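Examination of the molecular architecture
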Amino acid sequence: MPTTSTTSAREILTGLHDVMASKASAQAKLNKVVKIIAEAMASEVCSIYLLRDGVLELFATVGLNQKAVHVTKLALGEGLVGSIAKDVAVLNLAEAASHPEFAYRPETGEEVFHSFAGVPIVRKERAIGVLAVQHAEPRAYDEIEIEALQTVAMVLSELIANAGLADRAASAATESRGSGTARIAGQKLVVGMAKGHAVYHQPRVLIEHTVAEDIEAERHRVYAAFARMREQIDTMMGHAEFGTVGEHQEVLETYKMFAYDEGWSRRINESIDSGLTAEAAIERVRQRMQTRMRQIDDPLLQERMHDLDDLSNRLLRIVSGQLGTAAQAGLPQDAILIARNLGPAELLEYDRRKLKGVILEEGSLTAHVTIVARAMGVPMIGRARNVRRQIQEGDLVLLDGGEGAAFARPTPAVQEAFETKLAASQKRRAEYAAVKDLPPITRDGTRIAVMVNAGLRDDVAALGLTGADGIGLFRTEFQFLVSATLPRRESQQRLYRAVLEAAGDKPVIFRTVDVGGDKQLPYLHASGNGEENPALGWRALRLALDRDTLMKAQARALLEAAAGRNLDIMFPMVSEPWEFDQAKTLVEEQRAWLAGRKKRLPTRVRYGAMLEVPALAEMLDLLLPRIDFMSIGTNDLTQFLFAADRSNPLLAERYDWLSPAILRFLRRVVRAADAANVPVGVCGEMGGRTLEAMALVGIGVRRLSITPAGVGPVKAMIRSLDGGAATALLDRLLDKPPPDMRAALAAWAEKNKVAMA
Ligand code: PEP
Ligand code: MG
């Protein structure tokens, strides 16, 4: 019986080190490897099976009949070896033949052996082979022996991959999960359909070297990586935001707990002591944790293990120096990006021609990353829990944003159904395009202005494509988010001029920079970091007025860009009328300065305020006489009305835009603006949805600024709607709200044949 000391992974690895370094052929190396393991474990049989052309082939053995080498083949899922590879799981059996999956192969002569232990040889999280030992005596292998086998399997995976002996991990994966289409359910964030291959925003590190040359040096590397990771987490805790919006305080607390956990670093060091490199040791401990994770039923504990998995990946990236995201690594032609969460700036770093879709584990409808994805025309689903467990890098993924679902590794039947649906949606889009020049007039003759929200240079194309009435919200901060440094005034001016030129005689409403909250600019924002409630913090106009150099430069850029044309400017997050006055004065001073230098000026400048802060609604009598127009930003407004963070995934579906509270509030504001003869519109995401847009028209909104993809459906809705009847309906429903406002509106729309998308 083998003793603990003879089974030590270190002893085996020392032997393997020389084999790996030798110039022998790959086959000769494997022959040596099985011998070393068998000897070290005092085991009668040691065999290696490798996945070739989708089947597991016996590649090397001691103890089994040599004639069986390259002859014995098992399909995935067939026999013990096939099950290990298929499930990527260990088998440890005192009596192999009594296992239901046991498949007897006479050519191997294995009938005399009773006990069996096998571990998968893993590459990119998939099995590319199996390492197995057998004994004549019926006995279960102890944990240390299994550990040693797994450690050796890890080293083998390097040897096998380098020699190109097995199927490549990605294709093996697809085959091994041939029947394993996974359906991932999530929240609809950006509608649209996409087909592509999974790419992780934070790619998994591929480990190049597994056997340590110098154990002390590896220990040192891990020590330094832990120090760096702890530092990063402490900084993130200090900043609360850290560029990505996903890393909420609770997650950070868990990160911190694990980062300082002595047990974790000790286990990694033990693996290094057994002869692994720092990377391999971290990965080895991670794999062990994953195995445990699969056995846990408690969702909360699973969640924590998930965090630890994230952190292992972070540590691996630090230790291997592979720090960039997939945006820096470059995307394949058709990428479906998978991430826990993203910040808007991170998403904007991706090449939009190659980025076909996004799946987030977190995310919410009005988070800015969603707005950016919508602007980029990239379908997205969110709150897809466990997606990173169900989709591996390289998997084929079909994403249906409108359904809030994705399919990984789809069967041909699923693919066909998807293609059919895609064709139907393209046809519908073509139908919308055909009516793009028809004006959005209700059946009883009310003209509604349907404009688009934009922020990227290319968005202007949407005006022509959708037949929208103009740009009702140009989010100027997008340019700031995509830049590594503060955009210079000249480049701001170039963008604004290009947008105005492309819009021709259609109006464009420029919103001054709205940063802060979930739109952090690392180069600008040092003093704004560390806020406990960034959405309620030093952001938008507050920041712009306090740091007015930026706003002055932007005002100049806008005035210069609009020389000889009309210019519409609006200010975000006005909370009290004096803030509007101050912002307007600032622009007027720039206008006077330019006039003083005889520069060409805009023919007319109009100033608007965004109504996003509820307090402003109580000051309309004072505000309305000062402004030229008003735009209601329902994304922020609803988060403030309901006190529900717009980027918190836990609240993403809790409150409805169609709640009586929101609709009554909006109606009051719209009526006040109408009475004062101040044009008012809605520019939040809400207006881009047909049922919501119908309700808005019903409460008197006459201008919507929405996502370009919503223009066709919303126009079709308007053209099929009797506006007067909608107003009567809303008056009735808001007077005595039904328990389910959404259902009541939908039923009415259906009965009255209002076109809904
Ligand atoms: C809003 O808050 O509704 C809005 C349009 O602005 P943003 O989404 O950019 O905050
Ligand atoms: Mg806003």
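To continue, consider the sheet that holds strand β14 (residues 405-408). In a beta sheet, neighbouring strands are held together by backbone hydrogen bonds and run either parallel or antiparallel to one another. With mixed pairing, eight strands are arranged side by side in an open sheet as β7-β14-β13-β9-β10-β11-β12-β8. In this open sheet, the two edge strands, each paired with only one partner strand, are β7 (182-185) and β8 (187-190). Strand-to-strand twist across the sheet, computed as the mean angle between neighbouring axes with direction ignored, equals 30°. Relative to strand β11 (residues 355-360), strand β10 (residues 335-339) runs parallel, the two sharing five bridges. Within β11, the residue paired with Ile338 across the bridge is Ile359. Strands in contact with helix α13 (residues 368-376) are β8, β11 and β12 (380-382); relative to β8, the strand with the most contacts, it is inclined by about 55°.

The topology assignment puts Asp395 in the loop between α14 (387-390) and β13 (396-400). Reaching out from Asp395, the side chain makes a polar contact with the backbone nitrogen of Gln392 at a distance of 2.9 Å.

Turning our attention to the nonpolar core. In this structure, Phe571, Leu611, Met630, Met694 and Leu745 are the most contacted members of the largest nonpolar core, which totals 121 residues. Counting contributing residues per domain, this core is built from domain 2 (182-203 + 327-426) and domain 4 (435-751), each supplying no fewer than three.

For strand β19 (residues 604-611), a buried count of six out of eight residues is recorded, marking the element as mostly surrounded by other parts of the structure. Here strand β18 (residues 566-571) runs beside β19; their pairing, made up of six bridges, is parallel. Considered in β19, the bridge of Phe571 is made with Ala609. A crossover connection joins β18 to the parallel β19 through helix α21 (residues 577-596); in handedness this β-α-β unit is right-handed. Here four bridges tie β19 to strand β20 (residues 629-632), and the two strands are oriented parallel to one another. Residue pairing for β20: Gly608 is matched across the bridge by Phe629.

Strands sit in the order β3-β2-β1-β6-β5-β4 across an open sheet of six strands; the sheet is antiparallel. Two strands lie at the open edges of the sheet, namely β3 (73-75) and β4 (91-93), each paired on one side alone. The mean angle between the axes of side-by-side strands here comes to 25°, regardless of whether they run parallel or antiparallel. Two strands pair when backbone bridges link them, and strand β5 (residues 115-123) and strand β6 (residues 126-135) are joined in this way by nine bridges, in the antiparallel orientation. In the sheet register, Ala117 faces β6, and the bridge partner there is Val133. Contacting β1 (45-52), β2 (55-62) and β6, helix α2 (residues 26-40) crosses the sheet at an angle of about 60° to β2. Contacts between helix α3 (residues 79-87) and the sheet are confined to β1, β2, β3, β4, β5 and β6, with β5 contributing the most and set at about 35° to the helix.

Next up on the list: the domain arrangement of the protein. Taken as a whole, the protein is organised into domain 1 (4-163), domain 2 (182-203 + 327-426), domain 3 (215-324) and domain 4 (435-751). A C-alpha centroid distance of 42 Å is found between domain 3 and domain 4.

Another point: helix α18 (residues 489-503). Taking 1.5 Å of rise per residue, 15 residues should cover 21 Å, and α18 covers 21 Å from first to last C-alpha, within 8% of that figure. Looking at α18, one finds that the buried residues are Ser491, Gln492, Gln493, Leu495, Tyr496, Ala498, Val499, Leu500 and Ala503. If you follow the buried residues of α18, they end up packed against α16 (461-466), β16 (471-475), α17 (477-482), β17 (508-511) and α20 (548-561). In the segment just after α18, Gly504 is the residue with positive phi, at about 60°.

The next subject is the packing of helix α1 (residues 9-21) against helix α4 (residues 143-163). Two numbers describe how α1 lies on α4: the axes approach to 9 Å, and their chain directions differ by 15°. By the angle class used here, α1 and α4 are roughly parallel. In this structure, the crossing between α1 and α4 has a hand that is right-handed. Residues Ala9, Ile12, Leu13, Leu16 and Met20 of α1 lie in contact with α4, whose contacting residues are Ala148, Thr151, Val152, Val155, Glu158 and Leu159.

Moving on, we get to the coordination of the magnesium ion (ligand 2). The coordination sphere of the magnesium ion (ligand 2), as far as protein atoms go, consists of Glu612 (OE) and Asp636 (OD), spread over 1.9 to 2.1 Å. Taken together, the positions of Glu612 in the loop between β19 and α22 (614-617) and Asp636 in helix α24 (residues 634-641) put the pair 24 residues apart, joining distant regions of the chain. In terms of burial, Glu612 and Asp636 fall into one category: buried.

Turning next to the packing of aromatic side chains. With the rule as written, the count across this model stands at six aromatic pairs. Ring geometry for Phe226 and Trp264: centres 5.2 Å apart, planes at 75°, overall edge-to-face. Placement of the pair is Phe226 in helix α6 (residues 215-239) and Trp264 in helix α8 (residues 262-273), with a sequence separation of 38 residues. An identical accessibility class is assigned to Phe226 and Trp264; each is buried. Seen in terms of ring centroids, Phe642 and Tyr655 are 4.3 Å apart; in terms of plane orientation they differ by 10°. Their pairing is stacked. Of this pair, Phe642 sits in the loop between α24 and α25 (660-675) while Tyr655 sits in the loop between α24 and α25, placing them 13 residues apart in sequence. Given the relative accessible area of 24%, Phe642 is considered partly exposed. For the cation-ring pair, Arg139 lies above Tyr141, with the distance from its terminal atom to the ring centre recorded as 4.5 Å. It is Arg668 that lies over the ring of Phe665; its NZ or CZ is 5.4 Å from the centre.

A few words now on the packing of helix α28 (residues 723-735) against helix α29 (residues 741-751). For the pair α28 and α29, interaxial distance at closest approach is 12 Å and the crossing angle is 155°. Viewed along their axes, α28 and α29 adopt a mutual orientation that is roughly antiparallel. Relative to α29, α28 is oriented so that their crossing is right-handed. Note on element contacts: α29 touches α28 through Met741, Ala744, Leu745 and Trp748, opposite Ala725, Ala726, Leu729, Leu730, Leu733 and Leu734.

Per-residue confidence for the protein gives a mean pLDDT of 88; residues scoring 70 or more make up 94%. Note that pLDDT drops below 50 for residues 1-7; the model gives that stretch 18 contacts with residues more than four away or on any other chain. The low-confidence segment residues 170-179, where pLDDT is below 50, has 15 contacts with residues more than four positions distant or belonging to other chains.

One pass over the structure, following the stated rule, counts 49 salt bridges. Between Arg266 and Glu270 there is a salt bridge, with its nearest N and O atoms 3.5 Å apart. Here Arg266 pairs with Glu270, and both are found in helix α8, just four residues apart, close to one helical turn. Given the relative accessible area of 47%, Arg266 is considered partly exposed.

A few words now on the site of ligand 1. Taken together, 16 residues sit near ligand 1, with Arg475, Arg511, Glu612, Asn635 and Arg646 positioned nearest. Contact between ligand 1 and Thr634: an oxygen atom at 3.1 Å from a main-chain N or O atom of the residue. Here an oxygen atom of ligand 1 and a backbone polar atom of Asp636 are 3.0 Å apart. Elements represented by at least two residues in the shell around ligand 1 include exactly α13, β16 and α24. For the shell around ligand 1, the element with the most residues is α24, which contributes three residues.

Rules and cut-offs
Each chain has its residues counted from 1, following the order in which its sequence is written. Here every chain gets a letter starting at A, and every ligand a number starting at 1, in the order they are written. Given that the model is predicted, a residue must reach a pLDDT of at least 70 before its local features are reported, and side-chain atom pairs must reach 80 or more before they are shown or counted; all residues, however, enter totals for whole chains, interfaces and linings. Here the side-chain values reflect all heavy atoms present in the structure, with hydrogen atoms and water set aside. A pair of strands counts as paired when DSSP detects no fewer than two bridges linking them. The helix count covers DSSP runs of H or I at least four residues long, the strand count covers runs of E at least two residues long, and both are numbered beginning at the N terminus. Simply put, an axis is a line fit to the C-alpha atoms, just over the touching stretch for a helix, and the angle between two N-to-C directions goes from 0 to 180 degrees. By the convention used here, residues are in contact when the closest approach between their heavy atoms is within 4.5 Å. Pairing of N or O atoms within 3.5 Å defines a polar contact, subject to two protein rules: one partner must be a possible hydrogen donor and the other a possible acceptor, and residues neighboring in sequence count only if both atoms are side-chain atoms. Buried Ala, Val, Leu, Ile, Met, Phe, Trp, Tyr and Cys residues form a nonpolar core when they are joined through side-chain atoms within 4.5 Å. Per-residue accessibility, obtained with a 1.4 Å probe over protein chains only, is compared with the maximum for each type, and a residue is labelled buried under 20%, exposed over 50%, and partly exposed between these values. Delimitation of the domains relies on an automatic or database domain assignment. Handedness of a crossover is defined as follows: with both strands directed away from the viewer, a clockwise route from the first strand across the helix to the second makes it right-handed. Expected helix span is taken as 1.5 Å per residue step, with the number of steps being one fewer than the number of residues. Should an angle lie under 35 degrees it is considered roughly parallel, over 145 roughly antiparallel, and from 65 to 115 roughly perpendicular; all remaining angles are considered oblique. Each crossing gets its hand from how the near helix is turned against the far one by less than a right angle, where anticlockwise is left-handed and clockwise is right-handed. Keep in mind that water is not among the atoms, so a site may look incomplete; donors are the N, O and S atoms within 2.8 Å of the metal, or 3.2 Å for Na, K and Ca. Only rings of Phe, Tyr and Trp enter the pairing, Trp through its six-membered ring, and a pair is recorded when the two centres are within 6.5 Å. The plane angle decides the type: under 30 degrees is stacked, over 60 is edge-to-face, the rest tilted. Note on criteria: charge over ring means Lys NZ or Arg CZ within 6 Å of the ring centre, with the direction from the centre no more than 35 degrees off the ring normal. Per-residue confidence from the prediction method is given by pLDDT, with values spanning 0 to 100. One side-chain nitrogen of Lys or Arg within 4 Å of one carboxyl oxygen of Asp or Glu is enough to make a salt bridge. What makes a residue near a molecule or strand is one non-hydrogen atom of that residue sitting within 4 Å of it.

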